[in-house]
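Coordinate inspection notes
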Amino acid sequence: MSGQNEININYLHRLVLQESENDVIQQINSNLYNSISEFLKNLKDEKHDGIEGKINHTMVDMITDTTSTLLKLRLEKASLKNSNQSVLLDEEKYILDSRAEMVERRETILSGILNGKPHNLDAQ
């Protein structure tokens, strides 16, 4: 897939199906989320009236829902032990990095509480 011109609901649906039918994270185009973003931007910039406007709005909703499902599936798999995180896209790695930071913060706070050393959040 070379760009946004190849993004469509059928393609995204196939990606979600492949992802949901396999236990491992599937390798996908590294530019996928950027392509989807450009495609949605173009769809939203198009001004249509009547039935064409409704179709356009429905297409935006379908692409949005399908992309959300794909991202959720991939992140759920990545959260499992023994997952191959090397095939994750940069956006997905960024999200998972925030989870790791949350775990660190939780452990720091909990450790302080349990060891009688309260953490001063105002000092942050």
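Remember, predicted model here, so these are calculated numbers, not experimental data.

1. Looking at the nonpolar core
Most often, soluble globular proteins keep nonpolar side chains buried together rather than apart. Ile7, Leu12, Leu15, Leu32, Ile36 and Ile63 are the most contacted members of the largest nonpolar core, which totals 18 residues. When residues of this core are traced back to their parent elements, those giving at least two are α1 (9–21), α2 (32–45) and α3 (50–78). With six residues, α2 is the single largest residue contributor to this core. Non-local contacts of isoleucine 63, meaning those with residues more than four positions away in its chain, are made with Asn8, Ile9, Leu12, Ile36, Phe39 and Leu40. Within the second largest apolar cluster, six residues are counted, among which are Ala78, Val87, Leu88 and Leu96.

2. Here we look at the packing of α3 against helix α4 (residues 90–114)
Closest axis-to-axis distance for the α3/α4 pair is 11 Å, and the angle between their directions is 50 degrees. On the basis of their axis angle, the class for α3 and α4 is oblique. Considering only the axes of α3 and α4, their crossing is right-handed. Contacts between α3 and α4 involve Leu71, Arg74, Leu75 and Ala78 from the former and Glu92, Ile95, Leu96 and Arg99 from the latter. Split into classes, the residues belonging to the contact of α3 with α4 amount to five nonpolar, no polar and three charged.

3. What to know about the pattern of salt bridges
Enumeration over the complete set of coordinates arrives at seven salt bridges. Between lysine 41 and aspartate 45 there is a salt bridge, with the nearest N and O atoms lying 3.2 Å from each other. With a gap of four residues between them, lysine 41 and aspartate 45 both fall in helix α2, about one helical turn apart. Residue aspartate 45 is classed as partly exposed on the basis of its relative accessible area of 48%. In this structure, the salt-bridge partner of arginine 105 is glutamate 101, at a minimum N-O distance of 2.9 Å. Residue arginine 105 and its partner glutamate 101 are both found in helix α4; the two are separated by four residues, about one turn of the helix. Salt bridges linked by common partners bring Glu19, Arg74, Lys77 and Glu92 together as one network.

4. A look at the confidence of the model for the protein
Per-residue confidence for the protein averages 89 on the pLDDT scale, and 94% of its residues sit at or above 70. Within the protein, the lowest mean pLDDT, 89, falls on α4, and the highest, 96, falls on α1.

5. Overview of a nonpolar patch on the surface
Side chains of Leu110, Ile113 and Leu114 sit close together on the surface and give an oily, nonpolar patch of about 320 Å² of accessible area. One can find leucine 110 in helix α4. According to the relative accessible area criterion, leucine 110 is partly exposed, its value standing at 39%.

6. Some words on the side chain of arginine 74
In this structure, arginine 74 sits in helix α3. Among the residues examined, arginine 74 registers a relative accessible area of 0% and is labelled buried. Here glutamate 19 takes part through its side chain, which lies 2.9 Å from a polar atom of the side chain of arginine 74. Excluding residues within four positions of it along the chain, arginine 74 makes contact with Glu19, Ile25, Gln26, Ile28, Tyr33, Val87, Leu88, Leu89 and Glu92.

How each quantity is defined
- The residue count restarts for each chain, going from 1 along the sequence in the order it is written.
- Selection of residues for local features in this predicted model requires a pLDDT of at least 70, selection of side-chain atom pairs for listing and counting requires 80 or more, and totals for whole chains, interfaces and linings are taken over all residues.
- Only heavy atoms go into the side-chain values, all of them from the structure, while hydrogens and water stay out.
- Only buried Ala, Val, Leu, Ile, Met, Phe, Trp, Tyr and Cys residues count toward a nonpolar core, and they belong to the same one when joined by side-chain atoms within 4.5 Å.
- With a 1.4 Å probe rolled over the protein chains alone, any residue whose accessible area is under 20% of its type maximum counts as buried; one over 50% counts as exposed, and the rest are partly exposed.
- Secondary structure counts use DSSP, requiring at least four H or I residues in a row for a helix and at least two E residues in a row for a strand, with both numbered from the N terminus.
- Contacts were defined at the residue level, with two residues in contact if any of their heavy atoms lie within 4.5 Å.
- Only C-alpha atoms enter the line fits that serve as axes; for helices the fit covers just the stretch in contact. Angles between N-to-C directions range over 0 to 180 degrees.
- Roughly parallel means an angle under 35 degrees; roughly antiparallel, over 145; roughly perpendicular, 65 to 115; everything else is oblique.
- Definitions for this section: a left-handed crossing has its near helix turned counterclockwise from the far helix by less than a right angle. A right-handed crossing has that turn clockwise.
- All residues other than Ala, Val, Leu, Ile, Met, Phe, Trp, Tyr, Cys, Pro, Asp, Glu, Lys and Arg, Gly among them, are scored as polar; the first ten of these are nonpolar and the last four charged.
- For this document, the term salt bridge refers to a Lys or Arg side-chain nitrogen within 4 Å of an Asp or Glu carboxyl oxygen.
- What pLDDT expresses is the predictor's confidence in each residue, scored from 0 to 100.
- Only residues whose relative accessible area exceeds 30% and that take part in no salt bridge are eligible for patches, with like-charged residues grouped when within 9 Å of each other and nonpolar side chains (Val, Leu, Ile, Met, Phe, Trp, Tyr) grouped when within 5 Å.
- Residue burial considers only the protein chains on display, and all accessible areas are found by Shrake-Rupley using a 1.4 Å probe.
- Polar contacts, as used here, are pairs of N or O atoms within 3.5 Å; protein pairs need one atom able to donate a hydrogen and one able to accept it. Residues neighboring in sequence count only if both atoms are side-chain atoms.

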